[in-house]
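Structure at a glance
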Amino acid sequence: MTKITPQPGIMDIRPYEGGAAHVAGVANVTKLSSNENPFGPSDTAKDAYRKLAFELHRYPSADHASLRLAIGDIHGVDPERVICGAGSDEIIAFLCQAYAGPGNEVVFTEHGFAMYRISALAAGATPVEVPERERVTDVDAILAACNERTKLVFVANPNNPTGTMVGESELARLARGLPEQALLVIDGAYAEYVEGYDGGAALVESRDNVVMTRTFSKIYGLGALRIGWGYGPAHVIDVLNRIRGPFNVSQSALAAAEAAVRDVNWTNKCRDDNTRLRAWLAEALAEHGVPSDTSTANFILARFASQDEAEACDEFLKEQGLIVRRVAGYKLPHCLRITVGDEASCRQVAHAVGKFMEQAR
Ligand SMILES: *Cc1c(COP(=O)(O)O)cnc(C)c1O
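Owing to the predicted nature of the structure, the values given are computational and were not obtained by experimental measurement. (Residues numbered from 1 in each chain as written. Predicted model: local features only at pLDDT ≥ 70, side-chain atom pairs only at ≥ 80, totals over all residues. Heavy atoms only, no water.)

1. Some points on the overall build of the chain
- Helix and strand counts for the chain come out as 12 helices and 12 strands.
- At 20 Å, the chain has a C-alpha radius of gyration in line with the 21 Å of a compact globule built from 361 residues.
- Of the contacts made within the chain by residues no fewer than 6 positions apart, 74% connect residues no fewer than 24 positions apart.
- Split by element, the accessible area of the chain, about 16100 Å² in all, is 51% carbon and sulfur.
- Within the chain, one finds 36 positive and 46 negative side-chain charges whose respective centroids are separated by 3 Å. (Helix = DSSP H or I, 4+ residues; strand = E, 2+ residues; numbered from the N terminus. Rg over C-alpha atoms; globule rule 2.2 N^0.38 Å. Contact = heavy atoms within 4.5 Å. Areas by Shrake-Rupley, 256 points an atom, 1.4 Å probe, with all protein chains shown as cover. Lys, Arg positive; Asp, Glu negative; His and termini not counted. Charge placed at Lys NZ, Arg CZ, Asp CG, Glu CD.)

Right under this line is the structure:
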């Protein structure tokens, strides 16, 4: 037996499983399993990435000043209190590493994003899972779970994989009610899909215990490059910058993200298309007897009568080259999460679910 052992908590981690991208024996698949933007990034982002081919011998910017400035311009936030990471996953990891350790608790909701548990365990802290109310974040349940050991509370708004969200006044009530040593993290990975929603930025500004995380992997279509950002009070950003590696984000990612965030027309077009196609898809699935909660993100959580039915539908879709996401790991075994793709993909998946339901019931 080896005496070489990792830190406490690490062997309790179940590694994250990304959405599948291939089906054995099927050449052309439609991937609707990772909430990617079906239209990809802005053309200006692709140009910026291409130009970087001639600068690959240079280290990236260590302070990310140019991207932080662009984020400040477009999102109306103070660039001094923005931090960039290799995906928002890295910001989540920094927060856990910086604020939570053995004996501390990290709170999140029962259908919350998998990285909260993983990062909490990696830091040696204790994950605490709180019930939701019919697949919606329950602020009272979160507050009831907090105590003197609570250091972090993660809420994704909109939430993944449910697609539901709570109002700004509910988040403000949560921030006000937390114990004084606890930090609220509002994960805004899908915030850009909600017209007029600031992702929690105003709440960050009005308090000293709220951090917002954002990503370029979803509406901005840059998942391959791994870039996200966080916005918080100066004292938190200062702490996170102390543990951030100086070159944690590549120059290609910085340049592409800067171009992407400044192309507001493309972002708006992607949001509008998503809103329209999401409504169409939800309606089409409902007509086939598959209901869903009103989604505020770029995916739909389709509810089936049972786990067996959801799994059989997933198999049926796979045979047609349609890859969606099983969410049993999120305590939703009777559901499938379907990314809103382009119009052709939406029609394909709706048609296939309809065919499945005809023969299943
Ligand atoms: C996709 C997603 C993220 C983003 O992850 P990146 O590391 O930025 O790619 C964060 N939180 C939630 C809830 C997500 O669904």
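Read on for the rest.
2. Quick word on the packing of aromatic side chains
- Under the counting rule described, the total for this entry stands at 8 aromatic pairs.
- Ring geometry for Phe-108 versus Tyr-116: centroids 6.4 Å apart, planes at 55 degrees, classification tilted.
- Taken together, a centroid distance of 5.7 Å and an interplanar angle of 75 degrees make the contact between Phe-113 and Tyr-116 edge-to-face. Comparing Phe-113 with Tyr-116, the two get one shared label, buried.
- Here the aromatic residues Tyr-16, Phe-108, Phe-113, Tyr-116 and Phe-154 are joined through ring pairs into a cluster of three or more. (Phe/Tyr/Trp six-rings, centres within 6.5 Å; stacked < 30°, edge-to-face > 60°. Buried < 20%, exposed > 50% of the residue type's maximum accessible area, 1.4 Å probe, protein only.)

3. Some details on the site of the ligand
- Neighbouring residues of the ligand: Gly-87, Ser-88, Asp-89, Phe-113, Asn-160, Asp-187, Ala-189, Tyr-190, Thr-215, Ser-217, Lys-218 and Arg-226.
- Asp-89 is positioned with one of its backbone polar atoms (N or O) 3.0 Å from an oxygen atom of the ligand.
- Starting from 380 Å² of accessible surface for the ligand in isolation, the protein chains cover 94%.
- Its residues assigned to classes, the shell around the ligand shows 3 nonpolar, 5 polar and 4 charged. (Near = heavy atom within 4 Å. Polar contact = N/O pair within 3.5 Å; in protein donor to acceptor, adjacent residues only side chain to side chain. Nonpolar A, V, L, I, M, F, W, Y, C, P; charged D, E, K, R; others polar.)

4. Describing the domain arrangement of the chain
- Once the domains are mapped, the chain shows domain 1 (10-40 + 265-360) and domain 2 (43-263).
- Each of domain 1 and domain 2 has a C-alpha centre, and these two points are 25 Å apart.
- Listed per partner, the contact involves 30 residues of domain 1 and 30 residues of domain 2.
- Summing both partners gives a buried area of about 2700 Å² for domain 1 against domain 2, and 58% of it is carried by carbon and sulfur.
- The largest contributions to the domain 1 side of the interface with domain 2 come from Arg-271, Thr-296 and Tyr-330, which together make up 23% of the buried area.
- For the pair domain 1 and domain 2, the number of links is 2 salt bridges.
- Residues Glu-129 and Lys-331 are paired through a salt bridge, measuring 2.4 Å at the closest nitrogen-oxygen approach.
- Counting across the domain 1 and domain 2 interface gives 13 residue pairs in polar contact (both at pLDDT 80 or more).
- For the side of domain 1 that touches domain 2, the secondary structure elements donating two or more residues are α10 (264-287) and β9 (299-303).
- When residues of the side of domain 1 that touches domain 2 are assigned to their parent elements, the largest contribution, 6 residues, is made by α10.
- For the side of domain 1 that touches domain 2, a count of residues per class yields 12 nonpolar, 11 polar and 7 charged. (Domains from an automatic or database assignment. Buried area = accessible area lost by both parts, 1.4 Å probe. Salt bridge = Lys/Arg side-chain N within 4 Å of Asp/Glu carboxyl O.)

5. Structural notes on the nonpolar core
- Membership of the largest hydrophobic core comes to 58 residues, with the highest contact counts inside it found for Leu-67, Val-153, Leu-184, Phe-216, Ile-227, Trp-229 and Tyr-231.
- When residues of this core are assigned to their parent elements, the largest contribution, 8 residues, is made by helix α9 (residues 251-262).
- When residues of this core are assigned to domains, at least three map to each of domain 1 (10-40 + 265-360) and domain 2 (43-263).
- Setting aside anything within four residues of it in sequence, one finds Trp-229 in contact with Ile-71, His-75, Val-77, Val-82, Ile-83, Cys-84, Ile-91, Met-212, Thr-213, Arg-214 and Phe-216.
- By size, the runner-up hydrophobic cluster in this structure holds 30 residues, among which are Ile-91, Cys-96, Phe-113 and Ala-156. (Core = buried A, V, L, I, M, F, W, Y, C linked by side-chain atoms within 4.5 Å.)

6. Digging into the pairing of strand β4 (residues 126-130)
- Bridge analysis of strand β3 (residues 105-109) against β4 gives 5 bridges, and the strand direction is parallel. If you follow Thr-109 over to β4, its bridge partner there is Val-130. (Pairing = 2+ DSSP bridges.)

7. So, the side chain of Asn-104
- With respect to the secondary-structure elements, Asn-104 resides in the loop between α3 (88-99) and β3.
- Given a relative accessible area of 18%, Asn-104 falls into the buried group.
- With residues up to four places along the chain from it excluded, the contact list for Asn-104 reads Tyr-99, Ala-125, Thr-126, Arg-149 and Lys-151.

8. Describing the state of the cysteines
- Under the definition given, this model contains 0 disulfides.
- The thiol of Cys-84 is unpaired, and the distance to the nearest cysteine sulfur, on Cys-96, comes to 19 Å.
- The closest cysteine sulfur to the non-disulfide-bonded Cys-313 is located on Cys-335, 12 Å from its own sulfur. (Disulfide = S-S within 2.5 Å.)

9. Describing the packing of α3 against helix α8 (residues 234-243)
- Viewed as axis vectors pointing N to C, α3 and α8 meet at an angle of 95 degrees, and their least axial separation amounts to 10 Å. Put simply, α3 runs roughly perpendicular to α8. On α8, the residues that touch Phe-94, Leu-95, Gln-97, Ala-98 and Tyr-99 of α3 are His-235, Val-236, Val-239, Leu-240 and Ile-243.
- For the contact of α3 with α8, a count of residues per class yields 8 nonpolar, 2 polar and no charged. (Axes fitted to C-alpha atoms, helices over the stretch in contact; angles between N-to-C directions. Parallel < 35°, antiparallel > 145°, perpendicular 65-115°, else oblique.)

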